[in-house]
Protein chains: 4
Amino acid sequence: MNIGLIGLGKMGFNLGLNLLDNNFDVVAFDVSEEARTKFAESKGSAASSIKELVEQLPSPKIVWSMVPAGEITDKVLEELKGYLSEGDILMDGGNSNYKQSVERSKIFAETGVHFFDVGTSGGTDGARNGVCTMIGGDAEVFKTIEPIFQAISVENGYHYAGKSGSGHFLKMVHNGIEYGMMQAIAEGFEVLEKSDYDFDYEQVAKMWNNGSVVRSWLMELVESAFSKDPKLDAIRGVMHSSGEGKWTVETALELQAATPVIAMSLMMRYRSLDEDTFSGKVVAALRNEFGGHAVVKR
Amino acid sequence: MNIGLIGLGKMGFNLGLNLLDNNFDVVAFDVSEEARTKFAESKGSAASSIKELVEQLPSPKIVWSMVPAGEITDKVLEELKGYLSEGDILMDGGNSNYKQSVERSKIFAETGVHFFDVGTSGGTDGARNGVCTMIGGDAEVFKTIEPIFQAISVENGYHYAGKSGSGHFLKMVHNGIEYGMMQAIAEGFEVLEKSDYDFDYEQVAKMWNNGSVVRSWLMELVESAFSKDPKLDAIRGVMHSSGEGKWTVETALELQAATPVIAMSLMMRYRSLDEDTFSGKVVAALRNEFGGHAVVKR
Amino acid sequence: MNIGLIGLGKMGFNLGLNLLDNNFDVVAFDVSEEARTKFAESKGSAASSIKELVEQLPSPKIVWSMVPAGEITDKVLEELKGYLSEGDILMDGGNSNYKQSVERSKIFAETGVHFFDVGTSGGTDGARNGVCTMIGGDAEVFKTIEPIFQAISVENGYHYAGKSGSGHFLKMVHNGIEYGMMQAIAEGFEVLEKSDYDFDYEQVAKMWNNGSVVRSWLMELVESAFSKDPKLDAIRGVMHSSGEGKWTVETALELQAATPVIAMSLMMRYRSLDEDTFSGKVVAALRNEFGGHAVVKR
Amino acid sequence: MNIGLIGLGKMGFNLGLNLLDNNFDVVAFDVSEEARTKFAESKGSAASSIKELVEQLPSPKIVWSMVPAGEITDKVLEELKGYLSEGDILMDGGNSNYKQSVERSKIFAETGVHFFDVGTSGGTDGARNGVCTMIGGDAEVFKTIEPIFQAISVENGYHYAGKSGSGHFLKMVHNGIEYGMMQAIAEGFEVLEKSDYDFDYEQVAKMWNNGSVVRSWLMELVESAFSKDPKLDAIRGVMHSSGEGKWTVETALELQAATPVIAMSLMMRYRSLDEDTFSGKVVAALRNEFGGHAVVKR
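Residues numbered from 1 in each chain as written. Chains lettered and ligands numbered in written order. Predicted model: local features only at pLDDT ≥ 70, side-chain atom pairs only at ≥ 80, totals over all residues. Heavy atoms only, no water.

### As for the overall build of chain A
Of regular secondary structure, chain A possesses 13 helices and eight strands. Reported as C-alpha extents along the three principal axes, the dimensions of chain A are approximately 75 × 40 × 35 Å. In chain A, the proportion of contacts linking residues at least 24 apart, taken out of those at least 6 apart, comes to 63%. Entry remark: accessible area of chain A is about 10,500 Å², with carbon and sulfur atoms responsible for 46%. (Helix = DSSP H or I, 4+ residues; strand = E, 2+ residues; numbered from the N terminus. Contact = heavy atoms within 4.5 Å. Areas by Shrake-Rupley, 256 points an atom, 1.4 Å probe, with all protein chains shown as cover.)

Structure below.
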C-alpha cells in the first residue's frame, strides 16, 4: 500500500520508519531538506513538494499529514485541497481540535475526499515501535486504511472511535487525563520532598511500578527521569502545555461537566510560568490593609 | 466594670483604647514595658505582671486575653489557672483553635471559672473603633459580659454563638470565607492584568464598591491599596497565612464537607511561598521523557 | 436628552424608570405589549417597533439595548444596523461577550455609529435606584453620554473603562469574582451546617455584616435569604449560571492566568446540576475493582 | 521462618496464602472462627488467641498485624505489648497513620521490640500473588525480615524506605496519588459521556491501555469494569474513602505543599456523599436575591 506522509518531525519521522518496517511504500515530504534526505536514506522515498508527493501516489491516494496542529496543518490541508479528489483518503495525525476536524471532514467531503482525524499517543518511541491511535471518520472507508493501523500500532492499540472528530476528541480527553495523572504524581513527590524523610525517589518510583495501584507508564517515566537526575536539580519546574489540556477544560465547560482535577492541573501549569503573580500581590496587599501583616518588598 | 486585659499588641492595644472610650476600667499587662507605659499614658492602667493584674481586679474578676494563639496563649492561660477562682470570667480573644477552646473551657470549669472563646474580626481599625465579635460559652454567664460587647462592637456586631468553641469556630469559618473572597478578588485582578486592556485598578475597585454585586469591605481595601501603589509594583506576591484558613480546611475534611474554593485559596498561598516547585520539575521532566519537550534548565 | 430603550425585562424596565426619574425622555420598546403598556403608564413612552423607536429619536440618536446577550441581542443589533447612521450612539447593556462587543464596535464604526459596551451590576434593585456601570468605547464620544451614567448610577458607580470591549470585559471579570465570593460564603455555611454546633445563620450573617472583614453586599443578601427561610429548607442546591463565569474562566485559560477559585466555583455549579455523576461511578467501580470496596447499587 | 499473622480479612488472608506458598510457617489469628478454620485448611495453622499465637512462635518472634488501621490496630498492638520482648519484631501492615507508627515504634523500642510500619499496595489480588510493600524501621534489623518481602512481593516490588514512619508515609502518599489518578481518569470519561459522541468505553480503555501515555493498572481496571457493565448503569457515583487521601491532604497542609489535584479528588468524593448541598442552596438563594433568578423548589 502506498502512503504519502507529510511532516518528518519527531513524531512523523518515527512513524515513517514504522510504516516502512511494515512494508508500506512511503513517500514523504518535509520542509526541511535534511529531514527528507535522512528519510530517503532510510529506505523511504522523499518528494520535494506536497504537489509532487501527491502526484507520486496511485489513486485512490492515501495521504497522512503529521505536521503540528494549527497554522501549519491549516496550510498543508489547504494545499492538499487542490490536489486530492473523489475517493482519496486524507488523515490528519496532528493534535488538531476536534471541532476543526469535523469542519474539515465536511469541506473535503464536498469533493468526495474522505477525511480521518487520527489521534496518536505513545510519544516518539511509540511512533517508532508501536503507536496508539484513535480514529474518527467514515466507518466503511475506514476498512481500507485499517491495515495501516493494525500494522503500526501496538496490539489492540488502535480504535475506530466513530464519526468525524471522535478520534481527535478521544486524543484531547486522553491528554486531559494525562495532565491530571501527571499532576497527581507530581504532587505526591512534592509531599515526599517537603517531608522530613529522605526518600530515594528513583527507588520509590521503581517499587511503585512493581505491584502497586499507581503503576503506570508515567510512573515508569518518573523512574527514568530520577535515574538520570535523582532530585531533578538540573531543571526548573516550568510546565509548558501544548493545547489539548486547555481544550479538554474548554470542552468540559461547554458540556457543563465538572472536571476540577484536569482544570487544576492546567492552572498549576499556568501558575508555573510566572515567577510572581499579580493575584498574590493583591492578597498580600489586602492582608496588610486589614491586619497590618507585613508584605514582602521587591 | 473592671477588665483585666492581657496583651497590648496591634489588636489588644486598640481594643484596650476602645474599652477605655466606653468607660470600662482597664488594667493591662504586656511583656513589653514600652507597650505598658504607652497604655498607662492613654488613660488606662498597667500591671507589671499577670499576677499583679489579677490581684488588682475586684471579684468576680473579668480577664480578657488578647495574645496570639498558640504557645503564648497556652502560657498565659496556664498561669491564669493559678490565679482565677470560682465565679471569675476568662475570655480568650486570640484566634485559638476551637477544639482547644472546648478543652480549656472544661479545664477552667473544674475550678468554677467561666471560659469564653471570643472570635474578633474587623482588623486593627475595628478593634479601635468598633469590633465584630462572636462569642462561645455559657449562655447565662454571658449576660454578665454582654455589656462589654455591646459597648465595643459595631452596632449589631456581636453575636453570642452558643456553647464553648462556637465563637472560635465561627471566627475560623469567617477566615475561611475571607481567604476565598480575597483569592476570588485577586484572581479577577490577575485576569485584568494579563488582558490587553489598560485598566486603572483603583478606579475599577472604586466603581465596584459603588453599586456592584461585589461591593465589600475587602474591595474597599483593594481600592485603598491601589490608591497607594497603582500596580502594586513595590511588593511581591508572597501570601502568608496565620492558621485559620488551614483549620477551616482541616475541619471541612473532618466533616466531609466539600470546600474547594477555600482549599484552593489556601493552596495558592502555599504555592506563593515557593520560587520553584518540585511538582513542577516532575511534570517538566515527564514531558521531556515522553514527548521530548524541552525543559527549562536552571 | 432623548434615549431609546430596547428591552423592558427585569433590568430594562427598572433602568427605564431610573432614567425617567432623572428627567431623561425615554421611548421604549419591548416585544411584550404588556411591558410596553406598563412602561407608558409610568411616565415613559412606548414605540410599537424598533423602527418606530428609532424614528422617534432626534439625531444624533441614542439607543440603549437592554435585552439578554446572545441571539436576542444579535437580532436587535442587526436590525438597528439598518436604522442608525453617522454620529448615532448605540449602547449594549446586556452581558455580551467582550469579544463580540469589539467586533460589533468595528462593524458599527463602518457606518459612523458609535458603539459602547456597557456592563451593568447591582441587580434589579440597582437598576431601579442606582446602578453600577462600566463602559467601553470611544473616549471622546463618551463625554456625550456621560451625563446619563452620572444620573442613573450610584455616586462613583460608573467607570469609563477604555476602548471597546473593556466595559463588558470588566463586567465579565466582576461576575467571575462574584462567583468566587458566593462560593466562598456558601462553603463557609456548609461547614457551619455540617458542624455539631447549632448556629442561627441569619444572626451569624447579620453579625458578619457589622464590622467583620467579610462584610459585603453578598453577605447582606445571605442575611436576607436566611431571614425568610432560616435553613433554606424550601429550595434545592441547584446552581445555574448565565455565562459570564464561564467566559471568565475561558478568558483566563487564553491568558494563561491561574484562576483556581473562579474555576472551582463554576465547576461546583455544574456539579450541582447532576443528581449523579459518571465520574463518580468510574471511581466507585475502580475502588471495587482493586480493593473489593462495596459500591452503592442504584 | 515462622511468622505470626494477625488478621485474616481480604488482605490478610491472601497475604497468608502468599506466605505459605513461599514456604513460611504461618500461624494466624482472626476474631472470626470461620476465617481461622478456612486458613487452617489451607496448609496454615491457626491460633485461638493472640496470646496463643505469640506463644507458638520461636524467639525472636516475628508478628505481622494485618488488621484495619484505627481502633482495631490499637487494640491488637496494645495486647501484643504484653507478649513481645527484647529482640522480637512486630510489623504493622494496616494503613496506619505514619505519625502513629512513629509513636508506636518508640513505645515498642522501650522494651527492645523492633517495630516496622509496612505499607502494602496492589489490592487483594496483589496480596495473594505478589504484593507491593514499602517498609519503615531500623535498617539493620530490616535485613532479618527482608527475605519475607523478597518472597511475597512482585519482583522489585518492595522498598525499605527509611526510619520509622517512612513506610506508612509512602503508602499514604501513594494513595493520595491514586486518588488523583482515579479522579483524572473519571473526569475524562465524564467528558466522553457528556459529549455528543457515542463511545464504547471498554474499547476506549482497552486501546488506551495499549501504547498510550495513560496506560496504567488503573486504566486496566477501568477496562475490566466497563467489560462487566458498559455504562456502569448498575451503580451510583457515591465515592467513599478510607482515610489515606485525607491524611495526604492534611500532611500537605502541614508541610505547606500545594496539592490542588489530590485535594480536589478528595473533595469530589465528599461531594458525592451528599444528594444535595447546603452550599448549593446558599448560592441558589443568593442568585435569587440579587438577580431574581428562579430557584429550584424541593
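### Focus on the domain arrangement of chain A
How big an interface is tends to be stated in terms of accessible area lost as the parts join. Residues and elements named next belong to chain A. With domains assigned, chain A is organised as domain 1 (2-164) and domain 2 (171-278). Centre-to-centre separation of domain 1 and domain 2, based on C-alpha positions: 30 Å. Together, the buried faces of domain 1 and domain 2 total about 760 Å²; carbon and sulfur atoms form 56% of this surface. Per-residue buried area on domain 1 facing domain 2 is highest for Asn95, Asn97 and Tyr98; these three make up 49% of the total on that side. Seen at the junction of domain 1 and domain 2, the total is one salt bridge. Elements with a contribution of two residues or more to the side of domain 1 that touches domain 2: helix H5 (98-109) and strand E6 (114-121). Take the side of domain 1 that touches domain 2: its biggest share by element is three residues, from E6. Residues of the side of domain 1 that touches domain 2, tallied by class, amount to two nonpolar, seven polar and one charged. (Domains from an automatic or database assignment. Buried area = accessible area lost by both parts, 1.4 Å probe. Salt bridge = Lys/Arg side-chain N within 4 Å of Asp/Glu carboxyl O. Nonpolar A, V, L, I, M, F, W, Y, C, P; charged D, E, K, R; others polar.)

### Some remarks on the interface of chain B and chain C
Contacts between the two partners involve 68 residues from chain B and, on the opposite side, 67 residues from chain C. When residues of chain B are sorted by the area they lose upon contact with chain C, B:Tyr197, B:Met207 and B:Val213 head the list and together hold 13% of the total. Joining chain B to chain C, the criterion identifies zero salt bridges. Our count for the chain B to chain C interface comes out at 13 residue pairs in polar contact (both at pLDDT 80 or more). Of all the secondary structure elements, the ones that give two or more residues to the side of chain B that touches chain C are helix H5 (98-109), strand E7 (131-136), strand E8 (153-162), helix H8 (166-194), helix H9 (201-208), helix H10 (217-228), helix H11 (244-255) and helix H12 (260-273) of chain B. Sort the elements by how many residues they give to the side of chain B that touches chain C and H8(B) lands first, with 18 residues. Residue classes in the side of chain B that touches chain C are distributed as 35 nonpolar, 24 polar and nine charged. (Polar contact = N/O pair within 3.5 Å; in protein donor to acceptor, adjacent residues only side chain to side chain.)

### Let's talk about the pairing of strand E4 (residues 62-65) of chain A
All names here are of chain A. With burial as the criterion, each face of E4 is covered, one bearing Ile62 and Trp64 and the other bearing Val63 and Ser65. With three bridges connecting them, strand E1 (residues 2-6) and E4 associate as parallel partners. Looking across to E4, one finds that Leu5 is bridged to Trp64. In this sheet, strand E5 (residues 89-92) lies alongside E4 in parallel orientation, the contact comprising four bridges. Residue pairing for E5: Ser65 is matched across the bridge by Asp92. Since E4 and E5 lie parallel, the crossover through helix H4 (residues 71-81) that links them has a hand, and here it is right-handed. (Buried < 20%, exposed > 50% of the residue type's maximum accessible area, 1.4 Å probe, protein only. Pairing = 2+ DSSP bridges. Right-handed = clockwise from strand over helix to strand, strands pointing away.)

### Focus on the relation of the copies chain D and chain B
Superposing chain D onto chain B requires a rotation of 180 degrees together with a translation of 0.0 Å along the rotation axis, leaving an RMSD of 0.0 Å. What we have between these two chains is a two-fold relation. In terms of proximity to the rotation axis, the leading residue of chain D is D:Glu250, whose C-alpha is 3.4 Å off the axis. Both copies share a contact surface, since 100% of the interface residues of chain D are interface residues in chain B too. (Least-squares fit on C-alpha atoms with pLDDT ≥ 70 in both.)

### Here's the deal with the sheet that holds E4(A)
Residues and elements named next belong to chain A. Strand order in the open sheet formed by eight strands is E3-E2-E1-E4-E5-E6-E7-E8, with mixed pairing between adjacent strands. The open sheet has two free edges, formed respectively by strand E3 (45-46) and strand E8 (153-162), since each of these has just one partner strand. The sheet contact formed by E6 and strand E7 (residues 131-136) spans five bridges and is antiparallel. From the neighbouring strand, Ser121 faces E7, where its bridge partner is Cys132.

### Here's the deal with the interface of chain D and chain B
Facing the 20 residues of chain D at the interface are 20 residues of chain B. Together chain D and chain B conceal approximately 1,800 Å² of surface at their shared face, both sides included; 79% is due to carbon and sulfur atoms. It is D:Leu253, D:Gln256 and D:Met267 in chain D that bury the most area against chain B; as a group they hold 37% of the surface buried on that side. Seen at the junction of chain D and chain B, the total is zero salt bridges. At the surface where chain D touches chain B, the tally comes to two residue pairs in polar contact (both at pLDDT 80 or more). Those elements giving two or more residues to the side of chain D that touches chain B turn out to be helix H11 (244-255) and helix H12 (260-273) of chain D. Among the elements that make up the side of chain D that touches chain B, the one with the highest residue count is H12(D) (eight residues).

### Some thoughts on the side chain of B:Ser153
Residue and element names in this part refer to chain B. Positionally, Ser153 belongs in strand E8. Owing to a relative accessible area of 9%, Ser153 belongs among the buried residues under this scheme. Of note is the side chain of Ser153, whose polar atom sits 3.2 Å from the side chain of Thr133. Polar contacts involving the side chain of Ser153 include one to the main-chain carbonyl oxygen of Phe149, which spans 2.7 Å. Once you skip the residues sitting within four places of it in the chain, Ser153 turns out to touch Gly130, Val131, Thr133 and Tyr158.

### A look at the UniProt feature "domain: 6-phosphogluconate dehydrogenase C-terminal" (unreviewed entry) in chain A
Under the UniProt annotation, the feature "domain: 6-phosphogluconate dehydrogenase C-terminal" (unreviewed entry) is placed at residues 167-294 of chain A. A distance of 53 Å separates the end C-alpha atoms of residues 167-294 of chain A, which is 69% helix and 0% strand. (UniProt positions renumbered as here; feature names shortened; annotations may be inferred.)

### Regarding the environment of B:Thr37
Residue and element names in this part refer to chain B. Structurally, Thr37 can be placed in helix H2 (residues 33-40). The partly exposed category is assigned to Thr37, whose relative accessible area is 37%. Spatially, the C-alpha atoms of Thr37 and Gly136 are 32 Å apart, while their sequence positions differ by 99 residues. Among the polar contacts listed, one links the side chain of Thr37 to the backbone oxygen of Glu33, at a separation of 2.8 Å.

### Some points on the packing of aromatic side chains
The final tally for this structure, using the stated rule, is 72 aromatic pairs over all chains. Ring centres of A:Phe226 and B:Phe278 lie 6.1 Å apart, and the angle between their planes is 20 degrees; this geometry places the pair in the stacked category. Of the two residues, A:Phe226 sits in helix H10 (residues 217-228) while B:Phe278 sits in helix H13 (residues 278-291), which places them in two different chains. Each ring, one from D:Tyr201 and one from D:Phe226, has its centre 5.3 Å from the other, and the planes form 40 degrees; the classification is tilted. Here the residue D:Tyr201 occupies a position in helix H9 (residues 201-208), and D:Phe226 occupies one in helix H10 (residues 217-228), the gap between them amounting to 25 residues. Its relative accessible area of 2% is what places D:Tyr201 among the buried residues. Relative accessible area serves as the criterion here: at 1%, D:Phe226 is assigned to the buried category. In this structure an aromatic cluster arises from ring pairing among A:Trp64, A:Phe116, A:Phe142, A:Phe149, A:Tyr158 and A:Tyr160. Positioned over the ring face of B:Tyr179 is B:Arg269, at 3.7 Å from the centre of the ring. (Phe/Tyr/Trp six-rings, centres within 6.5 Å; stacked < 30°, edge-to-face > 60°. Lys NZ or Arg CZ within 6 Å of the ring centre and 35° of its normal.)

### Focus: the packing of helix H12 (residues 260-273) of chain A against helix H12 (residues 260-273) of chain C
Here H12(A) crosses H12(C) at 165 degrees, and the two axes come no closer than 10 Å. As summarised for this structure, H12(A) and H12(C) are arranged roughly antiparallel, according to the angle between their axes. For the pair H12(A) and H12(C), the crossing hand works out as right-handed. Counting all contacts with H12(A), which are made through A:Pro260, A:Ala263, A:Met264 and A:Met267, the residues of H12(C) involved are C:Pro260, C:Ala263, C:Met264 and C:Met267. Its residues placed into classes, the contact of H12(A) with H12(C) shows eight nonpolar, no polar and no charged. (Axes fitted to C-alpha atoms, helices over the stretch in contact; angles between N-to-C directions. Parallel < 35°, antiparallel > 145°, perpendicular 65-115°, else oblique. Left-handed = near helix turned anticlockwise from the far one by under 90°.)

### Quick look at the sheet that holds strand E3 (residues 45-46) of chain B
Residue and element names in this part refer to chain B. Pairing within the open sheet is mixed, and its eight strands lie in the order E3-E2-E1-E4-E5-E6-E7-E8. Each edge of the open sheet carries a strand with a single partner, namely E3 and E8. Where E7 meets E8, five bridges bridge the pair, whose relative direction is parallel. Paired with Ile135 across the bridge in E8 is Tyr160. Lying on the sheet, H5 is in contact with strand E5 (89-92) and strand E6 (114-121); it crosses E6 at an angle near 150 degrees.

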